[in-house]
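Examining the three-dimensional arrangement
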Amino acid sequence: MFDDSLLDDPEALARADRRDLLLGAAEAGARVRTAVRHATEAGIGELKPDGRPRAILTAGPGLAATCVADLLGTLAGAACPVTRLTPRGVAPAAGALLWELPGWAGPVDLLLIATPDGSEPGLSLLVEQAYRRGLTVVAVCPPRTPLTDAVAGAHGLSVPMATAPYEPQAPAAASAPGSLWALLTPLLALLDRTGMLSAPPDVLERVADRLDQVAERCGPAIATYSNPAKTLASELAEALPVIWTEGDSAGPAGRRFVAALAELAGRPALTAELPEALAAHSVLLAGTLAAGADPDDFFRDRVEEAQVVHARVVLLRDRPAGGRTAAPAARELALSHDTAISELEPEEGGDLETLAELIAVTDFAAVYLALASTA
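Presented here is a report on the structure given in the accompanying data block. These figures come from a predicted structure and were not determined experimentally. (Residues numbered from 1 in each chain as written. Predicted model: local features only at pLDDT ≥ 70, side-chain atom pairs only at ≥ 80, totals over all residues. Heavy atoms only, no water.)

Points about the packing of helix α3 (residues 28-41) against helix α8 (residues 201-218)
- Their axes nearest at 7 Å, the elements α3 and α8 cross at an angle of 160°. Classed by the angle they form, the pair α3 and α8 counts as roughly antiparallel. The chirality of how α3 crosses α8 is left-handed. In this structure, α3 contributes Ala 28, Gly 29, Ala 30, Val 32, Arg 33 and Val 36 to the contact, and α8 contributes Leu 204, Glu 205, Ala 208, Asp 209, Leu 211 and Asp 212. (Axes fitted to C-alpha atoms, helices over the stretch in contact; angles between N-to-C directions. Helix = DSSP H or I, 4+ residues; strand = E, 2+ residues; numbered from the N terminus. Parallel < 35°, antiparallel > 145°, perpendicular 65-115°, else oblique. Left-handed = near helix turned anticlockwise from the far one by under 90°. Contact = heavy atoms within 4.5 Å.)

What about the side chain of Glu 246?
- Here Glu 246 lies in strand β8 (residues 239-246).
- Side chain to side chain, Glu 246 and Arg 317 meet in a polar contact 3.3 Å long.
- At a separation of 2.7 Å, a polar atom in the side chain of Glu 246 contacts the side chain of Thr 325. (Polar contact = N/O pair within 3.5 Å; in protein donor to acceptor, adjacent residues only side chain to side chain.)

Regarding the pattern of salt bridges
- Counted according to the given criterion, the structure contains 19 salt bridges.
- With a closest N to O distance of 2.7 Å, Asp 209 and Arg 33 form a salt bridge. Of this pair, Asp 209 sits in helix α8 while Arg 33 sits in helix α3, and the two are 176 residues apart along the sequence.
- Here Asp 209 falls in the partly exposed class, since its relative accessible area comes to 31%.
- When the shortest N-O distance is used, the salt bridge between Arg 331 and Glu 343 registers 2.6 Å. (Salt bridge = Lys/Arg side-chain N within 4 Å of Asp/Glu carboxyl O. Buried < 20%, exposed > 50% of the residue type's maximum accessible area, 1.4 Å probe, protein only.)

A closer look at unusual backbone geometry
- Along the chain, Leu 274 connects to Pro 275 via a cis peptide bond; the corresponding omega equals 5°.
- By secondary structure assignment, the location of Pro 275 is in the loop between β9 (270-273) and α11 (276-280).
- The residue Arg 144 is not glycine, and still its phi comes out positive at about 55°.
- Its place among the elements puts Arg 144 in the loop between β6 (136-141) and α6 (146-153).
- For Asp 338, which is not glycine, the phi dihedral falls at a positive 55°.
- Among the secondary structure elements, Asp 338 is positioned in the loop between α13 (327-336) and β11 (341-344).

Things to note about the packing of helix α5 (residues 121-133) against α6
- Two elements in contact, α5 and α6, have axes whose closest approach is 9 Å; the angle formed by their N-to-C orientations is 5°. What the angle tells us is that α5 and α6 run roughly parallel. Contacts from Leu 123, Ser 124, Val 127 and Tyr 131 of α5 reach α6 at Pro 146, Leu 147, Ala 150, Val 151 and Gly 153.
- Of the residues in the contact of α5 with α6, the class split is seven nonpolar, two polar and no charged. (Nonpolar A, V, L, I, M, F, W, Y, C, P; charged D, E, K, R; others polar.)

Focus on the environment of Leu 180
- By the element assignment, Leu 180 lies in helix α7 (residues 177-193).
- Accessibility expressed as a relative area gives 0% for Leu 180, which makes it buried.
- Each C-alpha atom, one on Leu 180 and one on Cys 67, is 7.4 Å from the other, the two residues being 113 residues apart in sequence.
- Ignoring any residue separated from it by four or fewer positions in sequence, one finds Leu 180 in contact with Ala 64, Cys 67, Val 68, Leu 71, Arg 256 and Ile 359.

Remarks on the sheet that holds strand β7 (residues 157-160)
- Strand order in the open sheet made by the five strands is β2-β1-β5-β6-β7, with parallel pairing throughout. The strands lining the two open edges of the sheet, one partner per strand, are β2 (82-84) and β7. When strand polarity is set aside, the average angle formed by the axes of neighbouring strands in this sheet is 20°.
- Pairing analysis gives four bridges linking strand β1 (residues 56-59) to strand β5 (residues 110-114), with the strands arranged parallel. (Pairing = 2+ DSSP bridges.)

Quick look at the sheet that holds β8
- Taken in spatial order, the four strands line up as β9-β8-β10-β11 in an open sheet, and their pairing is parallel. A single partner strand is all that each edge strand has here, and the edge strands are β9 and β11. On average, each strand axis in the sheet is inclined to that of its neighbour by 20°, with strand direction left out of account.
- Pairing analysis gives eight bridges linking β8 to strand β10 (residues 310-317), with the strands arranged parallel. Bridging across to β10, Glu 246 finds its partner in Arg 317.
- The strands touched by helix α9 (residues 228-235) are β8, β10 and β11; relative to β11, the strand with the most contacts, the crossing angle is about 155°.
- The strands that α13 touches are β8, β10 and β11; relative to β10, the one it contacts most, it runs at about 170°.

So, the nonpolar core
- Within the largest apolar cluster, 87 residues are counted, with the highest numbers of intra-cluster contacts made by Leu 112, Trp 181 and Phe 364.
- The leading source of residues in this core is helix α14 (residues 351-374), at 16 residues.
- Counting residues in hydrophobic clusters, the runner-up holds 21 residues, among them Leu 57, Leu 126, Ala 130 and Ala 150. (Core = buried A, V, L, I, M, F, W, Y, C linked by side-chain atoms within 4.5 Å.)

Take a look at the structure:
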């Protein structure tokens, strides 16, 4: 059951937040600033690369590492292909995961590792494999771990993961929203030095400022009626979220939202990019999940009946290419099937800023949905 009254009770939210998820979401801006400082101290700003790598390979466990790979691939665009190495193993545990380089990987490629743990034997083995093949290795992970030793032995570069300001010696769990920015930010600074994307210090500072602004608007002390994250969580409480995205930044934000809903709140969701989403989900909205699919008497007594789940469209929008937008067609399709629609659109800013805002608001929404559903 979803207890919407909990959303406007900050003390109850704090008691329910046993995984410090709200803290992770609120401290995202601080994580970016700390990560920038760690990247500077590690020497990333002084690097003078010989040229762009042929390809970038990424590896790491969990939701944060998956999102890091997705975001880097989107931001790098056509400058360089980004390939995520999918772990294999018998269980989602540090000691059971293995990563393998593809057969074509070699000295002209770059391996990026992002993990909030650093004790995974499989990642240390991957570093050794990369060293034998001549790949350059960069890792973001907690300091003084087996992985940092492996990277040092391979003459690679390790950047300490930015930890929570209130607990500087303990990295957050992979599912915590702040972990994404702690892992992503040093890699953005690195790829800025290679010329593959634009993420200079002033841009990263604006990203941190935007994350702070979202935390102010979406924090637990802000009432639901003026809090976009709490509002979205309430709207999705008894619904199947169908996430439609438009614009370069919105795509990875939508995929991140679906993953966060599953991992943090235990809720299934679907996602697709416009305009393909209109064809991909048109039959779904016309079926039993549509709000208007119930042909029975509207006035019958439903007290003893089980709750019926209906789809709700969430439209995440950024600036569409060329000013052309499929949003009107998306609204028309949803409303023609009596399906409610929620919309989120970031304020003006650079690509990284708008991306950060969409991710931050939806992270807060996933956290509120998790807390109000399990308390």
